Amino acid sequence: MALQCGIVGLPNVGKSTLFNCLSNAKAQAANFPFCTIEPNVGVITVPDERLNKLAELVHPQKIVPTTVEIVDIAGLVKGASKGEGLGNKFLANIRETDAILHVLRCFDDENVTHVDGKVDPVRDKEIIDAELQLKDLETIEARINKVEKQAKSGGDKDARLAYEVYSRIREALIRGESARTVIFDSKEEARAARDLYLLTAKPVMYVCNVDEASAVNGNHYVEAVREAVKNKDAQILVVAAKIESEIAEFDTYEEREMFLNEIGLKESGVSRLIQSAYRLLNLQTFFTAGPQEVRAWTFHKGWKAPQCAGVIHTDFEKGFIRAEVIKYEDYIAYGSENAVREAGKMNVEGKEYVVQDGDIMHFRFNV
């Protein structure tokens with residue numbers, strides 16, 4: 001399940017530095033605009049202590065974590081929707097991602113130039129938001145033109161529903177609001193909106209890149225961003241990319257932990273960012289555990305047992321019979337699958353079972 005988060009932002013806000021911390025791919029981090037011409041893709045392991053604890057009990061031959069793809073996309077400038085800077089290339093790259101990590105510069109440093117001359121993360125946020133909204137408005141106008149005549153003639157129910165949905169989104173965009181803020185009343189309306197693949201419909205997290213002194217509690221720039229997005233259906237995360245790059249240089253887990261303790265952080269910003277990106281995509285994890293491997297599998301929240309079986313192999317979904325399910329807490333408490341069985345804590349579930357985050361699954365199927 002190759003799901004992607006795209007890292008976006010104005011030039012010189014710390015996107016590539018953050019990407020380098022996240023992945024082994026080394027994007028060029030330089031003090032000038034557009035140093036990242038092609039999107040860099042990194043496959044990022046999702047930290048999950050549950051996987052390690054299961055492995056300690058099972059002693060498998062290998063441990064396989066789940067992953068998310070992170071894409072570092074070239075810096076955008078004002079006017080991108082009209083082709084300025086890398087313009088349409090940027091917008092095409094971001095359209096292919098499933099969620100947006102919008103990096104905002106929330107630090108002062110006279111040695112790092114700002115494309116607009118002054119640090120103002122709220123203004124920076126609004127520049128990119130506006131460019132994405134303008135591009136979405138182009139999309140909406142074109143789609144409205146296609147369905148308006150059919151909708152107003154009254155004969156085509158689907159066209160009428162689409163026209164109503166498109167019109168509501170258009171009104172929001174004209175007001176300077178993103179498509180994700182529009183709430184729909186039915187599954188049919190939501191599906192019509194989803195089929196537009198709008199840029200501003202994607203879930204977004206604003207990543208406030210701060211200096212070392214602000215890594216724990218943030219600063220006035222972060223508070224300004226928090227105030228600006230409080231009603232925008234968006235998340236905020238505070239990260240000090242420069243510190244994260246230093247943490248990435250340590251060879252051992254113990255060295256990293258010691259450094260984090262010294263600066264007052266419980267875990268690295270990179271770890272928090274990956275976990276938050278995973279949740280932003282509405283993803284959860286189930287596990288399989290055996291002597292060959294202990295493995296984390298990614299699924300969409302709300303999926304039923306056959307869909308999750310299909311994550312492992314399509315044949316598992318086609319021939320699904322039942323799922324044997326152990327709750328993570330029970331597995332840890334009893335120490336082994338056999339002990340859980342003997343205690344009567346293993347549940348046998350059918351096709352309608354909604355898989356829960358942390359479930360240890362064993363699928364029975366027949367093809």
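Residues numbered from 1 in each chain as written. Predicted model: local features only at pLDDT ≥ 70, side-chain atom pairs only at ≥ 80, totals over all residues. Heavy atoms only, no water.

### Some details on the sheet that holds strand E4 (residues 67-72)
- Pairing is mixed in the open sheet, where six strands are placed in the order E2-E4-E1-E5-E6-E7. Of all strands in the sheet, those with a lone pairing partner are strand E2 (40-45) and strand E7 (235-239), marking the two edges. Neighbour-to-neighbour, the strand axes of this sheet turn through a mean angle of 25°, independent of strand direction.
- Note: E2 against E4, six bridges, orientation antiparallel. The residue of E4 that forms the bridge with Val41 is Val71.
- In the packing of helix H1 (residues 15-22) onto the sheet, contacts are made with strand E1 (4-8), E2, E4, strand E5 (99-105), strand E6 (204-209) and E7, and the angle to E4 comes to roughly 155°. (Pairing = 2+ DSSP bridges. Helix = DSSP H or I, 4+ residues; strand = E, 2+ residues; numbered from the N terminus. Axes fitted to C-alpha atoms, helices over the stretch in contact; angles between N-to-C directions. Contact = heavy atoms within 4.5 Å.)

### Remarks on the UniProt feature "binding site: ATP" (unreviewed entry) in the chain
- Residues given the UniProt feature "binding site: ATP" (unreviewed entry) here are Asn12, Val13, Gly14, Lys15, Ser16 and Thr17.
- Summarising the element assignment, Val13 is placed in the loop between E1 and H1.
- Its relative accessible area of 1% is what places Val13 among the buried residues.
- Sequence-distant contacts of Val13, defined by excluding residues within four places in its chain, comprise Val103, Arg105, Phe107 and Asn209.
- As for its position among the elements, Thr17 is in helix H1.
- Assessed through its relative accessible area of 26%, Thr17 is described here as partly exposed. (UniProt positions renumbered as here; feature names shortened; annotations may be inferred. Buried < 20%, exposed > 50% of the residue type's maximum accessible area, 1.4 Å probe, protein only.)

### Section: helix H9 (residues 253-263)
- Inspection of H9 places Phe259, Leu260 and Ile263 among the buried residues, and these make up the whole buried set. Burial along H9 is one-sided: seen end-on, the buried residues are contained in an arc of 100°. In H9, the exposed positions that point more than 90 degrees away from the buried face belong to Glu254, Met258, Asn261 and Glu262.
- In this structure, the buried side of H9 is in contact with helix H8 (241-247). (Arc of directions from axis to C-beta.)

### Looking at H1
- For H1, the tally of buried residues reaches seven of eight residues, placing the bulk of the element in the interior.
- All of the buried residues along H1 are Lys15, Ser16, Leu18, Phe19, Asn20, Cys21 and Leu22.

### Brief notes about the environment of Leu91
- Mapped onto the fold, Leu91 is located in helix H3 (residues 87-95).
- Owing to a relative accessible area of 2%, Leu91 belongs among the buried residues under this scheme.

### A closer look at the environment of Phe316
- Its place among the elements puts Phe316 in helix H12 (residues 314-318).
- Phe316 sits 50 residues away from Asn366 along the chain, and the two C-alpha atoms are 7.7 Å apart.
- When residues no more than four places from it in sequence are discounted, the contact partners of Phe316 are Ala309, Phe363 and Phe365.

### Structural notes on the pattern of salt bridges
- What the rule picks out here adds up to 17 salt bridges.
- A salt bridge links Glu324 to Arg364, with the nearest nitrogen and oxygen atoms 3.3 Å apart. A residue pair is termed long-range when its members are at least 10 positions apart, and Glu324 in strand E10 (residues 320-326) and Arg364 in strand E12 (residues 360-365) qualify at 40 residues.
- Each of Glu324, Glu337, Arg341 and Arg364 takes part in a single network of salt bridges with overlapping partners. (Salt bridge = Lys/Arg side-chain N within 4 Å of Asp/Glu carboxyl O.)

### As for a negative patch on the surface
- Where like charges cluster on the molecular surface, the negative patch consists of Asp108, Asp211, Glu212, Glu246, Glu249, Asp251, Glu254 and Glu255.
- The topology assignment puts Glu255 in helix H9. (Patch = residues over 30% accessible without salt bridge, like charges linked within 9 Å, V, L, I, M, F, W, Y side chains within 5 Å. Areas by Shrake-Rupley, 256 points an atom, 1.4 Å probe, with all protein chains shown as cover. Lys, Arg positive; Asp, Glu negative; His and termini not counted. Charge placed at Lys NZ, Arg CZ, Asp CG, Glu CD.)

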